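# Structural description and commentary
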Amino acid sequence: MAHCAEGTNEDEAFQSWRPSMSEGRNWAIRTEGLGKRYDNGHWGLRDVSLELPFGSMVALLGANGAGKSTLIHLLCGALNPTEGTMAWNPAVSGTEVGWCSQRQCVDWYLTVRDNVLLGARLARMDRATSRRKSDEILRFVELEGHSSSIADELSGGQQQRLQIARALVAEPSVLLLDEPTAGLDVEAAERLADGLKARADSGAMVLVSSHDIGLLETRSDQVLLLAESGVVAFESRNSFLQRFAGDDVLEILYEGELSAECLAAVAREVVSIVETVPLRLVIRRETPLVQLINVVESSARIQDIRRERPGLREAFLTFAQQARSSREWEKSE
Amino acid sequence: MSARSLPSGFPVHHRRPELSKPWSLTGFAVVVEFELRALWGMRSILISSLFLEPILYIALLVAGLQGIVGNVEGNASGDYIAFVFPGLLALQGIQAFVRIIYRSTAERRWGQLALKRLAGVGPLGYVLGMAAPFVAAFVVQAVVATPVAMLLGLRASLAGWLGSVLLGAMLVLFWAGLGILLTAVVRNYQQRDTIIGLLMLPLTFSAPVFYSLANAPRYLQIIAQFNPLTYQVLAMRNAFAGSADWRTLAIAIGCSVAAVAAAVISITRGELLGSETM
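Computed from a predicted model, the values in this text were never measured in an experiment. (Residues numbered from 1 in each chain as written. Chains lettered and ligands numbered in written order. Predicted model: local features only at pLDDT ≥ 70, side-chain atom pairs only at ≥ 80, totals over all residues.)

### Some details on unusual backbone geometry
All names here are of chain A. The condition is simple: In this text, helices come from DSSP runs of H or I with a minimum length of four residues, and strands from runs of E with a minimum of two, each type numbered from the N-terminal end. Any residue whose C-beta has 12 or fewer other C-beta atoms within 10 Å is treated as exposed, any with 20 or more as buried, and any in between as partly exposed, C-beta atoms being built from the backbone.
For the peptide bond that leads from Val-277 to Pro-278, omega is -15°, which places it in the cis range. Summarising the element assignment, Pro-278 is placed in the loop between strand 11 (272-275) and strand 12 (279-284). Phi is positive for Glu-179, close to 50°, though the residue is something other than glycine. When you line up the elements, Glu-179 lands in the loop between strand 6 (174-178) and helix 6 (186-201). You will see that Glu-228, though not glycine, has its phi angle at about 50°, which is positive. Structurally, the position occupied by Glu-228 is in the loop between strand 8 (222-227) and strand 9 (230-236). Judged by local crowding, Glu-228 falls into the partly exposed class, with 14 C-beta atoms found within 10 Å.

Have a look at this one:
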């Protein structure tokens, strides 16, 4: 996607947008006991109760088959729930929802521009505005050169960009995006994630599922973790990290030898000592380093310190490992 | 987890509120506009089906048959081309069935139906919007075919021609509605192709398009009674000849209304997104 100079039309696609916030519009979607069973009898999702707030970017995480796509399709109304209830904030009009499926949901017989125009026209934009907005968003996703091509002629990544463009063209206040970065190159994915974060910061509710967890690392406000067709966690990113990746790893390079007394003092300050040369420690996220450094320096000369803070990816992997261990334990029982 | 009970009196919807109006025409114009754009995207196919097919049918098949069939019992003019012409128009109209099945299957599979319905397009608006370009295509085909048939000796009154084309438009609505209805139950492309293959041939040849039922074997007369195309062809033929059989007309129009209604209900109640296997 294009780098945009300040104030250009491409920028307007994201930056000029502000949702019409009003009282009572603090939540976008509520569900209670939501579930979906497919024709083959498989439950794609069960017992999902949650409230998705405006002004938040929610990272939807889960392994393949965990129910991410089912949840997004249920929330946008493309699938009927088998059980439970779902409510949209009454202040959200039908045209304020943008969604993007994991499959390339485009009209193969329409041109690229017509696909985006369709999104704008369905959102009740007049023809002139539809054309202007469509051209802006096509520039943003770098498809302006393919405007007249039939969608079928695009590559997978381009079709994904087209789908995103159509979802964004109407400037929706609710965005439900299933793997929007699949097939995008690194730069385009980063730029899209920044744009989505900007929308969330402006007041939109953005729910994004992505296997590229690194993209959501610093941009997500909340994490919704699914496993085996159910919700495992729905909480703030920090709280999620605390739960599944609460400990940091501290590596200290030093000259000299650490005495037994020194190591005993260090052990009192940390979760565990992984190794002594170099000194690798597992510490609580909020642990201050000053005291620890003083203890080590009482015995050796510190050359370098590196602190590794596990992120969403590590937290997700920790959860997955715990879940696997739990399943193996259950089997052995 | 932020799990809360919905407060009492809170509006609860399995879908968004605007999805609950089956007979809404909202979005009709947008659906028509983009279906026409999609048709334009397939204009090479369109040119052959809109212009060449009706001309070739009349210039080759009808002209050939006319020489050996001659006059037809049960036709007011007794002239074969006047007998077969409304049936040929009906055959052109029935093409909407196959095309809309293909189009509608893609619409469900690739989320276009969901996109439109979620944006507030009414089910009736959607069904009629999907059918409208095929109705327009049918009218073009009738306009193209008529001069060719006239060169072969067809004589028609304007009122008869208009009546026949109007009923042909109703026929297109029937087959479009049936096509959309079928895509709601079709699970994969194989099922779709099997249904089309199994239905098209018997439907076409068990209706009195090329022959008069009066001369057909008894079993064919019985089968034809259960074929909607029979009533549609007869109603168009009657209109073309300037006569009217109210029972046939009522059945033909009733079939169209029922098919559109069934399609609307299937759109309202069914899943908006096609199966993963499609």
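What follows picks up the thread again.
### Details of the sheet that holds strand 1 (residues 27-37) of chain A
Residues and elements named next belong to chain A. For the record, the criterion: At least two bridges found by DSSP between two strands is the condition for calling them paired. To get an axis, fit a line to the C-alpha atoms, keeping to the stretch in contact for a helix; angles then go from 0 to 180 degrees between the N-to-C directions. Two residues qualify as a contact pair if the distance between their C-beta atoms, derived from the backbone, is within 7 Å.
One open sheet accounts for 3 strands, arranged 2-1-4; its pairing is antiparallel. Of all the strands in the sheet, the pair left with one neighbour each is strand 2 (43-53) and strand 4 (83-88). With strand direction ignored, the average angle separating the axes of adjacent strands in the sheet is 15°. Strand direction decides the pairing type here: strand 1 and strand 2, joined by 7 bridges, are antiparallel. Opposite Arg-30, over in strand 2, you have Glu-51 as the bridge partner. Sheet strands in contact with helix 2 (residues 68-76) are strand 1, strand 2 and strand 4, and its direction is about 60° off that of strand 2.

### Observations regarding the packing of helix 8 (residues 237-245) of chain A against helix 11 (residues 312-332) of chain A
Residues and elements named next belong to chain A. Formally: By definition in this entry, angles of less than 35 degrees are roughly parallel, angles greater than 145 are roughly antiparallel, angles of 65 to 115 are roughly perpendicular, and the rest are oblique. Left-handed is the label given to a crossing in which the near helix is rotated counterclockwise from the far helix by less than a right angle, and right-handed is the label when the rotation is clockwise. Here the nonpolar group is Ala, Val, Leu, Ile, Met, Phe, Trp, Tyr, Cys and Pro; Asp, Glu, Lys and Arg are the charged ones; every other residue, Gly included, is treated as polar.
At a minimum axis separation of 8 Å, helix 8 and helix 11 run at an interaxial angle of 50°. When the axes of helix 8 and helix 11 are compared, the pair comes out oblique. For the crossing formed where helix 8 meets helix 11, the hand is left-handed. Contacts between helix 8 and helix 11 involve Phe-240, Leu-241, Phe-244 and Ala-245 from the first element and Glu-314, Ala-315, Thr-318 and Phe-319 from the second. Of the residues in the contact of helix 8 with helix 11, the class split is 6 nonpolar, 1 polar and 1 charged.

### Details of the sheet that holds strand 8 of chain A
Residues and elements named next belong to chain A. Read across the sheet, 6 strands follow the order 5-6-7-3-8-9 without closing on themselves; strand pairing throughout is mixed. Two strands bound the open sheet, and with one partner strand each, they are strand 5 (97-100) and strand 9. With direction set aside, neighbouring strand axes in the sheet form an average angle of 10°. Pairing analysis gives 4 bridges linking strand 5 to strand 6, with the strands arranged parallel. From the neighbouring strand, Val-97 faces strand 6, where its bridge partner is Val-174. On top of the sheet, helix 5 (residues 156-169) reaches strand 5 and strand 6; it is set at about 170° to strand 5, its chief contact. Running over the sheet, helix 8 touches strand 8 and strand 9 and is turned about 120° from strand 9.

### Observations concerning the nonpolar core
Stated precisely, the cut-off is as follows: Note on terminology: a nonpolar core is a set of buried residues of type Ala, Val, Leu, Ile, Met, Phe, Trp, Tyr or Cys, with members joined through C-beta atoms within 7 Å.
With 163 residues, the main nonpolar core has A:Leu207 and B:Val127 as its most contacted residues. Broken down by element, this core gets its largest block of residues, 15 residues, from helix 3 (residues 80-109) of chain B. Those residues in contact with A:Leu207 that sit more than four places away from it in its chain are A:Leu52, A:Val58, A:Leu60, A:Ile72, A:Leu175, A:Leu176 and A:Leu177. In this structure, A:Leu258, A:Val266, A:Leu292 and A:Val296 belong to the second largest nonpolar core, which totals 8 residues.

### Digging into the environment of A:Thr129
With respect to the secondary-structure elements, A:Thr129 resides in helix 4 (residues 127-140). A C-alpha to C-alpha distance of 19 Å links A:Thr129 and A:Gln163, two positions 34 residues apart in sequence.

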